[in-house]
Amino acid sequence: MAQPTWIEHGVPGRHGEVRVREYTPDGEPRGPRLVWVHGGGWVVGTLDEPEAHGVSMAVAEAGFPVTSVEYGLLPRFPVVGPLRLKPSPFRYPVSHDQVMDAWLYAERTHGGPMWLGGASAGACLAAAVALRLRDGEGSRPLGLAFLYGLFHGQLPAPSASLRRRMFGVSDLRVVQEMVRRAAVNHAGSAADLDNPAIFPGVADLAGLPPVHLLNADRDLLRSSAENFARRLTAAGVPHEGWYLPGTMHGFLARPDRRAFSIGTGALAGWLAGG
C-alpha cells in the first residue's frame, strides 16, 4: 500500500501567512478531513514532530485527509521566581486566529465535512476556535477530537481518585503552578486566566458539535478534561470520554509506543463514525 502524500505551504491569515501541512491518503478518502492542532504548552511544537506529523500520517494512512496547523510559539517562561514575560507577537488572540484562518482556508479549498481536533494546549486552541465557529465565524465542525486536552488557565482540583492515582508521581502544587505560568504566558496577563474566549474550560459550551475525549490515565492535567466533560454534560453537548491505562501526558509524542497507535486509531475511528 502506498503511503499518504503531503505538501506544506502558507495560507493567508489576518496576522500574516499561516503554515499548514496537508496530507492526502492513498486512494479515495474514507471520510471527513481532520484539521489538527499539536500541543506543547504554547512554547514548543512544530509540523515535523510526532504529535503533528506522526499523528497526521497515521490518520491519513487510515484513509482520512488531514490539515496540520502551525501556530506562532511563545518564548519560554521562568519556572521559578517572578513570572516576567518576554515580548512576543504571538500571544492571544494570534494563535487562535491562526488556527481559525487555517480552518477557513480548508473550508474554502476542500469543502465537505470536517472535524477539528488537537492535543494538550492544541486542544485548548481548537476548542476556542470551535466556540467561535459555533458563534458564526465559519461552518461548524462535524465533530471535535481532543487528546489529553488542557482547557483551563487554572487547573481544576483533581478528583480524589486522580490524587490517589498520582500519589508519588507528580506534585500537585508544582503542576498547578506550571499550568498557571504557561497560561499567563499564553494570555499575556493573569487577569485573563478566567477569560472564556481564551480558555474554553470556563466558557458556555452549549451548541458545540459532538466531542470525543481521550485522556492519559496518570496525568494531573486530566482534571481539566474531566471538568470540561462535566461542563459538556451540563450544556447538553453529546460527548464521550476514555482513558488509556498507565499512560502519561503527551503519549502522542512517542510513535514507538502502543499508546500512540491506540490514540491515532481512536482518531480514525471517530472520523469513520462521523
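Quantities reported herein were computed from a predicted structural model and do not represent experimental measurements.

(A) Structural view of the overall build of the chain. Looking only at helices and strands, the chain features 7 helices and 8 strands. Referenced to the eigenvectors of the C-alpha coordinate spread, the extents of the chain come out at roughly 50 × 40 × 35 Å. Across the 274 residues that make up the chain, the buried fraction comes to 53%. For the chain, the share of sequence-separated contacts (at least 6 apart) that also reach a separation of at least 24 residues comes to 78%. When the accessible surface of the chain is totalled, it reaches about 11300 Å², and 55% of it is carbon and sulfur. Of the charged side chains in the chain, 26 are positive and 25 negative; the average position of the first set lies 8 Å away from that of the second.

(B) Inspection of the pattern of salt bridges at higher detail. For the structure on display, the rule yields 16 salt bridges. As a salt-bridge pair, Arg132 and Asp97 come within 3.0 Å of each other at their nearest N and O atoms. Note that Arg132 is positioned in helix H3 (residues 121-137) and Asp97 in helix H2 (residues 94-110), a separation of 35 residues in sequence. On the basis of relative accessible area, Arg132 is assigned to the buried category, the value being 17%. Close ionic contact of Arg132 with Glu137 constitutes a salt bridge, the shortest N to O distance being 2.9 Å. On the basis of relative accessibility, which here comes to 38%, the residue Glu137 falls in the partly exposed class. Overlapping salt bridges bring together Glu8, Glu17, Arg19, Arg21 and Asp48 as one network.

(C) The environment of Ala145, seen in detail. Relative to the helices and strands, Ala145 is located in strand S6 (residues 143-147). As a C-alpha pair, Ala145 and Thr264 span 119 residues in sequence and 11 Å in three-dimensional space. In contact with Ala145, not counting residues within four places along its chain, are Trp36, Trp115, Leu116, Gly117, Gly118, His212, Leu267 and Trp270.

(D) Expanded view of the sheet that holds strand S7 (residues 211-216). Read from one edge of the open sheet, 8 strands run S1-S2-S4-S3-S5-S6-S7-S8, paired in mixed fashion. What marks the edges here is a single partner per strand, and that holds for strand S1 (5-11) and strand S8 (239-244). Ignoring strand direction, the axes of neighbouring strands in this sheet form an average angle of 20°. Relative to strand S4 (residues 66-69), strand S2 (residues 18-24) is paired through 4 bridges, and the arrangement is antiparallel. Its bridge partner being in S4, Tyr23 is matched across the sheet by Val66.

(E) Region of interest: the layout of surface pockets. Volume-wise, the largest pocket comes out at about 230 Å³. For the lining of the largest pocket, the class distribution of residues is 9 nonpolar, 5 polar and 2 charged.

(F) Focus on the packing of helix H1 (residues 50-61) against helix H7 (residues 258-273). Interhelical geometry of H1 versus H7 gives an angle of 55° and a closest axis separation of 9 Å. With respect to their mutual orientation, H1 and H7 come out oblique. The way H1 lies across H7 gives a crossing that is right-handed. Within the contact between the two elements, H1 uses Pro50, Gly54, Val55, Ala58 and Val59 and H7 uses Phe260, Thr264, Leu267 and Leu271. Grouping the constituent residues of the contact of H1 with H7 by class yields 7 nonpolar, 2 polar and no charged.

Basis of the calculations
Residues numbered from 1 in each chain as written. Predicted model: local features only at pLDDT ≥ 70, side-chain atom pairs only at ≥ 80, totals over all residues. Heavy atoms only, no water. Helix = DSSP H or I, 4+ residues; strand = E, 2+ residues; numbered from the N terminus. Buried < 20%, exposed > 50% of the residue type's maximum accessible area, 1.4 Å probe, protein only. Contact = heavy atoms within 4.5 Å. Areas by Shrake-Rupley, 256 points an atom, 1.4 Å probe, with all protein chains shown as cover. Lys, Arg positive; Asp, Glu negative; His and termini not counted. Charge placed at Lys NZ, Arg CZ, Asp CG, Glu CD. Salt bridge = Lys/Arg side-chain N within 4 Å of Asp/Glu carboxyl O. Pairing = 2+ DSSP bridges. Axes fitted to C-alpha atoms, helices over the stretch in contact; angles between N-to-C directions. 1 Å grid on protein atoms, 1.4 Å probe; cavity = no way out; pocket = protein on both sides within 12 Å on 5 of 7 lines; lining within 4 Å. Points joined across faces, edges and corners; volume = space filled by probe spheres on them. Nonpolar A, V, L, I, M, F, W, Y, C, P; charged D, E, K, R; others polar. Parallel < 35°, antiparallel > 145°, perpendicular 65-115°, else oblique. Left-handed = near helix turned anticlockwise from the far one by under 90°.

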